[in-house]
Amino acid sequence: MKLLRMILSILLIAFALWVIIAEQMSGASANAFINAPVVTVRADTAGNLSLPSTPFGARVQKGEIIAAVDDPLVDTVRLHDLRMEQGFIEAEITRIEADLKSATALRESLLERAETFRSARLEELRARLDHARIRLAILEGGELPDTIDQEVLSLVGELPNRLPMEPGLAPLVLDHARERVEVLEIALEAAQEGVFLGDGYNDSPNAEQRATELETVISELETRLVEAQSRVETAITRRQRENLRVLALGGGEIASPVNGLYWEILQADGVNVQRGDPILRLVNCDAAIVTLSVTERVFNSLSIGDAASFRLTGETPVYEGTVARLAGAGAATIYEALAVAPSQKHLERYDVALLVPELNADSERGCAVGRTGRAFFDERPLNWVRDLFN
């Protein structure tokens, strides 16, 4: 029985020693901490800086307004010139439209007058032709139309046997009456076609002639209107582009480019900054990593993409990750763009960086920049106990 107890004691001691040695000999980091890239926000334009009263370490969301720059001395001379040019063109369009409206109205009025003249002229020619035919019928001794008014017959009966200013010979009088009828018939037919014969030449009413001239004027005004409208569209486009340029130079609000933390304020509120001057530094929480240092033996056993695990100090959860960078010894320059710089002791060892997606997905611990812990690269004897507690 004593021998059995002794054997069990020796086995327990051997197992305990194996666990201790295996835990210490497994690949692990000496000092690991959460780190993240730092983004420097710069001024887009020159002007006076306005910063909100946001404390250090406060969370900011991508697109959130974190600063504003206003330049009251931005050059707006060209913008005013373009606005004036646009105003001149718009005034020209207004004038052309008024002239076009006036010319169109005048043309319509002249066409109405021409139509009135045409109707009256046709009535005149018909009346003269009717009387000429009556006189011709009297001279020829023919039958008179039944529609002839008795008053007209009485007036014709009182006329002399010859026309005024005509020779007294009867054949000439008859020939002249026939000529008058034929001329009036020709004039009536031409008038019905819109051509008015007078004094031996083709003619049209003065109103119609002016209306025809106005058609040319209206066509010219319409062409000028289209040209002016095209010019004003171009002027508006140029003015809008210049307005955007002035707005850009005049400053404006600056939005956060990342989801992160206020890390460092490089300018005071109210100071005048120049274009490109750094204003703020933000920690990019979406790109958080774990940086650590290991011994030369562990470093030489690692490769990019190897599995690893990370556990924060004082906490139980273990986060799985992968090896993302093997920088080696003295890797000080790679920390210039990171939030937390390494210690001198860290630089004396071999630098390694891990990607831990589960940690980034944790809303509480994902951006806990500076929190320390340990990283492991091998299976350890007590992992099953840790998993049981997890």
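My aim in this report is to walk through the structure given alongside it, one point at a time. All chains use their own residue numbering, which begins from 1 and follows the written sequence. With the structure being a predicted model, the display of local features is reserved for residues of pLDDT at least 70 and the display and counting of side-chain atom pairs for 80 or more, all residues being used for whole-chain, interface and lining totals. The basis for every side-chain value is the complete set of non-hydrogen atoms in the structure, without hydrogens or water.

Re the overall build of the protein chain
Right, on to step 1. Helical segments are the DSSP runs of H or I of at least four residues, strand segments are the runs of E of at least two, and each set is numbered from the N terminus. Looking only at helices and strands, the protein chain features nine helices and 16 strands.
Right, on to step 2. Using a 1.4 Å probe on the protein chains alone, a residue whose accessible area is under 20% of its type maximum counts as buried, one over 50% counts as exposed, and one in between counts as partly exposed. Per-residue burial over the protein chain gives 33% buried out of 390 residues.
Right, on to step 3. For this analysis, residues touch if any pair of their heavy atoms sits within 4.5 Å. Considering only contacts within the protein chain whose residues lie at least 6 apart along the sequence, 79% involve residues at least 24 apart.

Description of the pairing of strand β3 (residues 47–50)
Right, on to step 1. Following DSSP output, two strands are said to pair if at least two bridges run between them. Two elements, β3 and strand β10 (residues 272–273), share two bridges in a ladder whose sense is antiparallel. From the neighbouring strand, Gly-47 faces β10, where its bridge partner is Val-273.
Right, on to step 2. Relative to strand β5 (residues 65–70), β3 is paired through three bridges, and the arrangement is antiparallel. Across the sheet, residue Ser-50 finds its bridge partner in β5, namely Ala-68.

Digging into the state of the cysteines
Right, on to step 1. In what follows, a disulfide is any cysteine sulfur pair within 2.5 Å. By the definition in use, this model includes one disulfide.
Right, on to step 2. Residue Cys-285 pairs covalently with Cys-367 via a disulfide, S to S 1.7 Å. Between Cys-285 and Cys-367 the disulfide shows an S-S torsion of about -70°. By sign, it is left-handed. With Cys-285 in the loop between β11 (278–284) and β12 (289–294) and Cys-367 in the loop between α8 (357–361) and β16 (372–376), this pair connects stretches of sequence that are 82 residues apart.
Right, on to step 3. A residue is classified by how much of its surface remains accessible, and Cys-285, at 7% relative accessible area, is buried.

Focus on the sheet that holds β12
Right, on to step 1. Read around the closed barrel, six strands run β1-β12-β15-β14-β13-β16, paired in antiparallel fashion. On average, adjacent strands in this sheet sit at an angle of 40° to one another, irrespective of strand direction.
Right, on to step 2. One ladder, built from two bridges, connects strand β1 (residues 31–35) with β16; its direction is antiparallel. Note on β16: the bridge partner recorded for Ala-32 is Gly-373. Note on geometry: axes are C-alpha line fits, over the in-contact stretch for helices, and angles between N-to-C directions span 0 to 180 degrees.

Here we look at helix α2 (residues 77–140)
Right, on to step 1. A rise of 1.5 Å per residue sets the reference length of α2, with its 64 residues, at 94 Å; its end C-alpha atoms lie 92 Å apart and thus fit the reference within 8%.
Right, on to step 2. Backbone geometry just after α2 places Gly-141 at a positive phi near 70°. Given the number of residues in a helix, its expected span is that number minus one, multiplied by 1.5 Å.

Considerations on the sheet that holds β11
Right, on to step 1. Pairing is antiparallel across the open sheet formed by four strands, whose spatial order is β2-β11-β9-β4. The open sheet is flanked by β2 (38–42) and β4 (59–60), the only strands paired with a single partner.
Right, on to step 2. Here strand β9 (residues 260–265) pairs with β11 via five bridges, running antiparallel. Its bridge partner lying in β11, Leu-261 is registered against Val-283.

Some thoughts on the pairing of strand β15 (residues 350–355)
Right, on to step 1. Across five bridges, the pairing between β12 and β15 is antiparallel. Bridging from a neighbouring strand, Thr-291 pairs with Ala-353 of β15.
Right, on to step 2. Sheet analysis places strand β14 (residues 318–329) next to β15, joined by six bridges and oriented antiparallel. Bridge pairing in β15 links Thr-322 to Leu-355.

Looking at the environment of Gly-328
Right, on to step 1. By secondary structure assignment, the location of Gly-328 is in strand β14.
Right, on to step 2. Linking Gly-328 and Leu-347, residues 19 residues apart in sequence, is a C-alpha distance of 8.7 Å.
Right, on to step 3. Not counting chain neighbours up to four residues away, the residues in contact with Gly-328 comprise Phe-299, Arg-349, Tyr-350 and Asp-351.

Digging into the nonpolar core
Right, on to step 1. Think of a nonpolar core as a cluster: buried Ala, Val, Leu, Ile, Met, Phe, Trp, Tyr and Cys residues, connected wherever their side-chain atoms sit within 4.5 Å. With 20 residues, the main nonpolar core has Val-290, Leu-292, Phe-310, Val-352, Leu-354 and Phe-377 as its most contacted residues.
Right, on to step 2. Of all the secondary structure elements, the ones that give two or more residues to this core are β1, β12, α6 (296–300), β13 (307–312), β14 and β15.
Right, on to step 3. Ala-58, Val-60, Val-258 and Ile-279 belong to the second-largest nonpolar core, a separate cluster that totals 16 residues.

Comments concerning the pattern of salt bridges
Right, on to step 1. Salt-bridge detection follows one rule: a side-chain nitrogen of Lys or Arg within 4 Å of a carboxyl oxygen of Asp or Glu. Overall, the coordinates contain nine salt bridges when judged by the stated rule.
Right, on to step 2. A salt bridge links Glu-85 to Arg-238; its shortest N-O distance comes to 3.5 Å. Of this pair, Glu-85 sits in helix α2 while Arg-238 sits in helix α5 (residues 206–249), placing them 153 residues apart in sequence.
Right, on to step 3. Exposure remark for Arg-238: the relative accessible area of 34% places this residue in the partly exposed category.
Right, on to step 4. Notably, a salt bridge pairs Asp-351 with Arg-325, separated by 3.4 Å at the nearest N-O pair. Of this pair, Asp-351 sits in strand β15 while Arg-325 sits in strand β14, and the two are 26 residues apart along the sequence.

A few points about the side chain of Glu-242
Right, on to step 1. Along the chain, Glu-242 falls in helix α5.
Right, on to step 2. Setting aside residues up to four positions removed in sequence, Glu-242 forms contacts with Arg-78, Leu-79 and Leu-82.

Comments concerning the environment of Arg-113
Right, on to step 1. Secondary-structure assignment places Arg-113 in helix α2.
Right, on to step 2. Taking the C-alpha atoms as reference, Arg-113 lies 10.0 Å from Ala-211; in sequence the two are 98 residues apart.

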